[in-house]
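Below are the chains, spelled out letter by letter.
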Protein chains: 2
Amino acid sequence: MKESPIGVFDSGVGGLTVLKALTAQLPHEDFVYLGDTARLPYGTKSPETVARYALQAAQALLEYGVKGLVIACNTASSVGLPAIRERIHDIPVIGVIEPGAEAACAASKSGHIAVIATERTIREGAYQEAIVQLRHDARVVAQPTQLFVALAEEGLHQGPIAESVARHYLAPMFRPDRSTSPDTLVLGCTHFPMLVGAIRAAVGPEVRIVDSAATTAKSARELLGRQGLARTAGEGTARFLATDSVERFARTGGRFLERPIDPAEVELVDL
Amino acid sequence: MKESPIGVFDSGVGGLTVLKALTAQLPHEDFVYLGDTARLPYGTKSPETVARYALQAAQALLEYGVKGLVIACNTASSVGLPAIRERIHDIPVIGVIEPGAEAACAASKSGHIAVIATERTIREGAYQEAIVQLRHDARVVAQPTQLFVALAEEGLHQGPIAESVARHYLAPMFRPDRSTSPDTLVLGCTHFPMLVGAIRAAVGPEVRIVDSAATTAKSARELLGRQGLARTAGEGTARFLATDSVERFARTGGRFLERPIDPAEVELVDL
């Protein structure tokens, strides 16, 4: 079991930012990353559809004999995690919402926290709930910023367009003339770290910006360690599965993983 | 047969711009509109996936006893039309590419024509081919403008963001210092008519902007007339089918159809 790979799942390539954090925290592990690119985006779909897709993806990864599962997609975590945990008992399953909420609560002084995410994640309210569970005095404001997904996928994550979109979404929450503004901003979608420059320009230098990639990777390391499932030697590997065009996965994925991906490294699978 | 409805298919709500043109040209007809909202966007998917989805949608509409089929999605038309026509013989099937190419050739004086569309439509080259078939002297330039889709779906189709995205994509093709520039621009995606204000600002007042909605509707009217399938009296109706959230379909669809859609008018179907 210890030698088995870890499964990582996302609706597309955004979760590669989480995979990157995982390989940094767990350099000896093998990873199987599944991006459901044929059916993305999840962020605008109904909860029933997202839960069904997430469960199919989790079951597909089980066939690779994974010893643990990371749901590296905020929308799938916010909607599908209970359904997945209900069906899959024998291996640990980690989502990105709880680690993201933890990071936010640790970063915020005032307890006034803003969350940006896809339309579906915001509507489900999972971040808002998880933050208030951890910190009862928290005051959470939430804003869907759906267009950030398309900007990141298109490679338009910096420059004047990204900056004007960021201002459009964030300026009303972080107005300098407001008596109180959030002191912390949670990037509640794995695509959003790509846009951090534009987001920073819109919210100003004081706001703490947190995302769940690093915290999720840390949680995964601790959990595997506690269960005696962590590898301690050897060089880890990563293989990629996609439900649509392997060329597009390689091309857009490279930007998120911050290293080139060869289309030959990506396998086309059907869910 | 004459009393049967006409099936209209799109990946989402964009095709409602075509439905609007169809109801104007064919006011006595009943329409069944299917938006495959669970699996949109098609524009970034592989040709095999798009063809498979388009065929599933066409077959779903056949179950409603349709007397004709309009593929109101440029991506599905450019990739899926041959596969659909191969399987469905007994009713007429119309796509939007040929009518769009006709409109472009009729509008252009110089024969220098620009096409903007989704990534997949541009890569398939169906517009470029259809234009050159109709007009051998044509010189076609093509540019994917994927972000327009998300802007239209988000309701950000006008204002400074839409304008800066339009400039980003179009300014290189329509530079005033170029000795020759296209005199005609084809909006090769049903979402794009929503952005016509921003597009006009980017290309200047001289360029003829054409889309395939009106021409497709005219083709459909002529074809039904020739085949003796057109209704000549009675008030037409429209019913809507969507593969995901009926609320979202109603909310975003209303903008494209330019009339409110009640969620109760929309039926959830699985393909």
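What counts and how
Residues numbered from 1 in each chain as written. Chains lettered and ligands numbered in written order. Predicted model: local features only at pLDDT ≥ 70, side-chain atom pairs only at ≥ 80, totals over all residues. Helix = DSSP H or I, 4+ residues; strand = E, 2+ residues; numbered from the N terminus. Rg over C-alpha atoms; globule rule 2.2 N^0.38 Å. Buried ≥ 20, exposed ≤ 12 C-beta atoms within 10 Å, placed from the backbone. Contact = placed C-beta atoms within 7 Å. Pairing = 2+ DSSP bridges. Nonpolar A, V, L, I, M, F, W, Y, C, P; charged D, E, K, R; others polar. Core = buried A, V, L, I, M, F, W, Y, C linked by C-beta atoms within 7 Å. Axes fitted to C-alpha atoms, helices over the stretch in contact; angles between N-to-C directions. Parallel < 35°, antiparallel > 145°, perpendicular 65-115°, else oblique. Left-handed = near helix turned anticlockwise from the far one by under 90°. Domains from an automatic or database assignment. Right-handed = clockwise from strand over helix to strand, strands pointing away.

Visitor: How should the overall build of chain A be read in this particular structure?
Guide: Looking only at helices and strands, chain A has 11 helices and 10 strands in total. Expected size for 271 residues packed as a compact globule is a radius of gyration near 18 Å; at 18 Å, chain A falls within 12% of this value. The 271 residues of chain A split such that 55% are buried. Counting only contacts in chain A whose residues sit at least 6 apart along the sequence, the fraction spanning at least 24 positions is 79%.

Visitor: Quick question: what am I supposed to make of the pairing of strand β9 (residues 238-242) of chain A here?
Guide: Along a regular strand, successive side chains alternate from one face of the sheet to the other. All names here are of chain A. Burial analysis of β9 places four of its five residues in the buried class, which makes it a mostly covered element. Relative to strand β10 (residues 266-268), β9 runs parallel, the two being bridged by three bridges. For F240, the partnering residue across the bridge sits in β10 and is V266.

Visitor: Help me out: how do you make sense of the interface of chain B and chain A in this one?
Guide: You'll often see interface size given as the accessible area lost when the parts meet. Across the contact, 19 residues belong to chain B and 19 residues belong to chain A. Of all the secondary structure elements, the ones that give two or more residues to the side of chain B that touches chain A are α7 (147-153) and α8 (160-170) of chain B. With five residues, α8(B) is the largest single contributor of residues to the side of chain B that touches chain A. For the side of chain B that touches chain A, the class distribution of residues is seven nonpolar, seven polar and five charged.

Visitor: So what exactly am I meant to see when it comes to the nonpolar core here?
Guide: Taken as a class, soluble globular proteins show a tendency for nonpolar side chains to be buried jointly. Core analysis: the largest hydrophobic core is formed by 179 residues, its most contacted members being F9(A), I71(A), F9(B) and I71(B). Setting aside chain neighbours within four positions, we find I71(A) in contact with F9(A), A54(A), A76(A), S77(A), G80(A), L81(A), I84(A), V93(A), I94(A), G95(A) and V96(A).

Visitor: What is the right way to look at the sheet that holds strand β3 (residues 68-71) of chain A in this model?
Guide: The pairing of strands in a sheet comes from backbone hydrogen bonds and takes either a parallel or an antiparallel form. Residue and element names in this part refer to chain A. A sheet is described by the order of its strands in space; here six strands give the open sequence β4-β3-β1-β2-β9-β10, paired in parallel fashion. Among the strands making up the open sheet, the edge pair consists of β4 (93-94) and β10. The sheet contacts of helix α1 (residues 16-25) involve β1 (6-10), β2 (31-35), β3 and β9, and relative to β2 the element is tilted by about 170°. Docked against the sheet, helix α11 (residues 246-257) engages β2, β9 and β10, running at close to 145° with respect to β10.

Visitor: So what exactly am I meant to see when it comes to the packing of helix α2 (residues 47-62) of chain B against helix α3 (residues 74-87) of chain B here?
Guide: Angle between the axes and distance between the axes are the two parameters that describe a pair of packed helices. All names here are of chain B. As a packed pair, α2 and α3 sit with axes 8 Å apart at the nearest point and diverge in direction by 55°. In terms of orientation, α2 lies oblique with respect to α3. Along this stretch, α2 crosses α3, giving a crossing that reads as right-handed. Two secondary-structure elements touch here, α2 through P47, V50, A51, A54, L55 and A58 and α3 through T75, A76, V79, G80, A83, I84 and R87. Its residues assigned to classes, the contact of α2 with α3 shows 10 nonpolar, two polar and one charged.

Visitor: So what exactly am I meant to see when it comes to the sheet that holds strand β7 (residues 184-187) of chain A here?
Guide: Residues and elements named next belong to chain A. Judged by pairing direction, the sheet is parallel, and its four strands sit side by side in the order β6-β5-β7-β8 without closing on themselves. Both outer strands of the open sheet, β6 (139-144) and β8 (208-211), are each paired with one neighbouring strand and no more. When strand polarity is set aside, the average angle formed by the axes of neighbouring strands in this sheet is 25°. The sheet contact formed by strand β5 (residues 112-117) and β7 spans four bridges and is parallel. The partner of I113 across the bridge, within β7, is T184.

Visitor: What should I look at first to understand the domain arrangement of chain A in this one?
Guide: Residue and element names in this part refer to chain A. Domain annotation for chain A reports domain 1 (6-95 + 214-268) and domain 2 (97-212). A separation of 22 Å is found between the C-alpha centroids of domain 1 and domain 2. The partner domain 2 presents 24 residues to the 26 residues of domain 1 that form the contact. Elements represented by at least two residues in the side of domain 1 that touches domain 2 include exactly α1, α2 (47-62), α3 (74-87), α10 (212-226) and α11. Here the side of domain 1 that touches domain 2 is built from residues that sort into nine nonpolar, 14 polar and three charged.

Visitor: So what exactly am I meant to see when it comes to the pairing of strand β1 (residues 6-10) of chain B here?
Guide: Residue and element names in this part refer to chain B. Judged by how many residues are buried, β1 sits mostly within the fold: five of five residues are covered. Burial along β1 is two-sided: the face carrying I6, V8 and D10 and the face carrying G7 and F9 are both buried. Read as a crossover between parallel neighbours, the route from β1 over helix α1 (residues 16-25) to strand β2 (residues 31-35) is right-handed. Note: β1 against strand β3 (residues 68-71), four bridges, orientation parallel. Following the sheet pairing, V8 is matched in β3 by V70.

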